[in-house]
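Reading the structure
The residues making up each chain are set out below.
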Amino acid sequence: MKDKGNPKTNNVKGITIMSAQVQILGPAFSTFVRSVMLCCQEKGISYETKFEVDGQALSLRDETHLTYHPFGKIPALLHGERKLFETATICRYLDANFDGPALQPEESYEKAKVDQWAAALSIYVDSAIVRKYLLEFAFPKGPDGQVRMDKVAAAEPDVIQMLAIVAQQLSENDFICGDRYSYADAILTPMLDYLVGTPNGQKLLPSGSALRNYTERMQARPSGQAVLKKG
């Protein structure tokens, strides 16, 4: 039976305390954490986002963190006694186990295409846009904490190549996998949202372009307003 998507309640000495249905383990600024948050928002799942368990703060790749994600990455998902890692897997699980709008089609081939794009975005596009480009702005490693513009320039051709591939996919679609929102859109959106905000955002995603229009539509969705506006 699917969870209805409403917060749980616990009675403690006559006081009703609301608690989230799931916990997303990781910082809210992470693109992949935001992908899971977007899925929760789209389906109406209550959630908490924090890098701690039972009040104990975690450190990246410490012993406790590795029990939730053996490769020392984020996010992981806690749902009662269940725990999962890897963003696309988490998103599929949330879609299958909670009520709310479907985030993937029922037909096997169309579902496979969502899986395909979710994997490609998580591997190739994330590597070029997030790991090699955006992280230089978020955590600059130059002298006195300056952004290493030589690294930015070196990474930009791959960013442009990935954006061209995504733009082609969106050329005849409102969403990355057709005419309806899927969890693949949740994986893509945080990357583009951050990219727009970089000094080269206008050059990479020009106003009026298909990718910029897509990004703005995703930002304007209620889920985007709830998740992407966070600091």
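Just above, that's the structure.
1. Thoughts on the pattern of salt bridges
Enumeration over the complete set of coordinates arrives at 10 salt bridges. Among the ionic pairs, D95 bridges to K43, the shortest N-O distance being 3.0 Å. Here D95, found in helix α3 (residues 87-97), pairs with K43, found in helix α1 (residues 31-43); they are 52 residues apart in sequence, far enough to count as distant. Of the two residues, D95 and K43, neither departs from the other in class, the shared state being buried. The shortest N-O distance in the salt bridge between E48 and K50 comes to 3.8 Å. According to the relative accessible area criterion, K50 is partly exposed, its value standing at 28%. Salt bridges here are not isolated pairs; linked through shared partners, they connect E48, K50 and E52.

2. What about the nonpolar core?
L94, L121, I129, Y133, L163, Y183 and L195 are the most contacted members of the largest nonpolar core, which totals 57 residues. Elements represented by at least two residues in this core include exactly β3 (22-25), α1, α3, α4 (108-138), α5 (149-170), α6 (183-196) and α8 (210-220). Take this core: its biggest share by element is 11 residues, from α4. In terms of nonpolar packing, the next biggest core, distinct from the first, is built from 6 residues, L25, L58, Y68 and A76 among them.

3. Here's the deal with the environment of S182
When you line up the elements, S182 lands in the loop between α5 and α6. For the pair S182 and G55, spaced 127 residues apart in sequence, the C-alpha to C-alpha distance is 33 Å. In contact with S182, not counting residues within four places along its chain, are L103, V114, I176 and C177.

4. Observations regarding the layout of surface pockets
A volume near 830 Å³ is recorded for the largest pocket. Taken together, 31 residues line the largest pocket, and the ones lying closest to its centre are S30, T31, F32, I74 and R131. When residues in the lining of the largest pocket are grouped by element, the largest group, 10 residues, is from α4. Residue composition of the lining of the largest pocket, grouped by class: 17 nonpolar, 8 polar and 6 charged. Here the second largest pocket defines a volume of roughly 340 Å³. Along its surface, the second largest pocket is lined by 15 residues, and Q23, V53, D54, L78 and G80 are the ones closest to its centre. Residue composition of the lining of the second largest pocket, grouped by class: 5 nonpolar, 4 polar and 6 charged.

5. Section: the pairing of strand β7 (residues 76-79)
Alternating positions in β7 separate into two faces, A76 and L78 on one and L77 and H79 on the other, with burial throughout. Across 3 bridges, β3 lies against β7 in antiparallel orientation. Each bridged residue has a counterpart across the sheet, and for L25 the counterpart in β7 is A76. Where β7 meets strand β8 (residues 82-85), 4 bridges bridge the pair, whose relative direction is antiparallel. By the bridge assignment for β8, L78 is matched with K83. With antiparallel pairing between neighbouring strands as the criterion, β7 and β8 make up a hairpin whose turn holds 2 residues, including G80 at a positive phi of roughly 60°.

6. Quick notes on α3
Turning to α3, its buried residues are T87, A88, I90, C91, Y93, L94 and D95. The inward-facing, buried residues of α3 contact β3, α1, β7, β8, α4 and α6.

7. What to know about α1
With 13 residues, α1 extends 19 Å from end C-alpha to end C-alpha; this agrees with the ideal 18 Å at 1.5 Å per step. T31, F32, V33, R34, S35, V36, M37, L38, C39, C40, E42 and K43 are the residues of α1 that are buried. On the buried face of α1, the contacting elements are β3, β4 (47-50), α3, α4, α6 and α9 (222-227). For α1, the capping residue at the N-terminal end is S30, with a side-chain oxygen 3.3 Å from the backbone nitrogen of F32. Looking at the residues trailing α1, positive phi occurs at G44, about 75°.

8. Examining the sheet that holds β4
Ordered by their spatial adjacency, 4 strands build an open sheet running β4-β3-β7-β8, and the pairing between neighbours is mixed. Each edge of the sheet is formed by a strand with only one pairing partner; in this case those strands are β4 and β8. The mean angle between the axes of side-by-side strands here comes to 20°, regardless of whether they run parallel or antiparallel. When β3 meets β4, the two strands line up parallel, connected through 4 bridges. From the neighbouring strand, I24 faces β4, where its bridge partner is T49.

The rules behind each value
Residues numbered from 1 in each chain as written. Predicted model: local features only at pLDDT ≥ 70, side-chain atom pairs only at ≥ 80, totals over all residues. Heavy atoms only, no water. Salt bridge = Lys/Arg side-chain N within 4 Å of Asp/Glu carboxyl O. Helix = DSSP H or I, 4+ residues; strand = E, 2+ residues; numbered from the N terminus. Buried < 20%, exposed > 50% of the residue type's maximum accessible area, 1.4 Å probe, protein only. Core = buried A, V, L, I, M, F, W, Y, C linked by side-chain atoms within 4.5 Å. Contact = heavy atoms within 4.5 Å. 1 Å grid on protein atoms, 1.4 Å probe; cavity = no way out; pocket = protein on both sides within 12 Å on 5 of 7 lines; lining within 4 Å. Points joined across faces, edges and corners; volume = space filled by probe spheres on them. Nonpolar A, V, L, I, M, F, W, Y, C, P; charged D, E, K, R; others polar. Pairing = 2+ DSSP bridges. Expected span 1.5 Å × (residues − 1). Polar contact = N/O pair within 3.5 Å; in protein donor to acceptor, adjacent residues only side chain to side chain. Axes fitted to C-alpha atoms, helices over the stretch in contact; angles between N-to-C directions.

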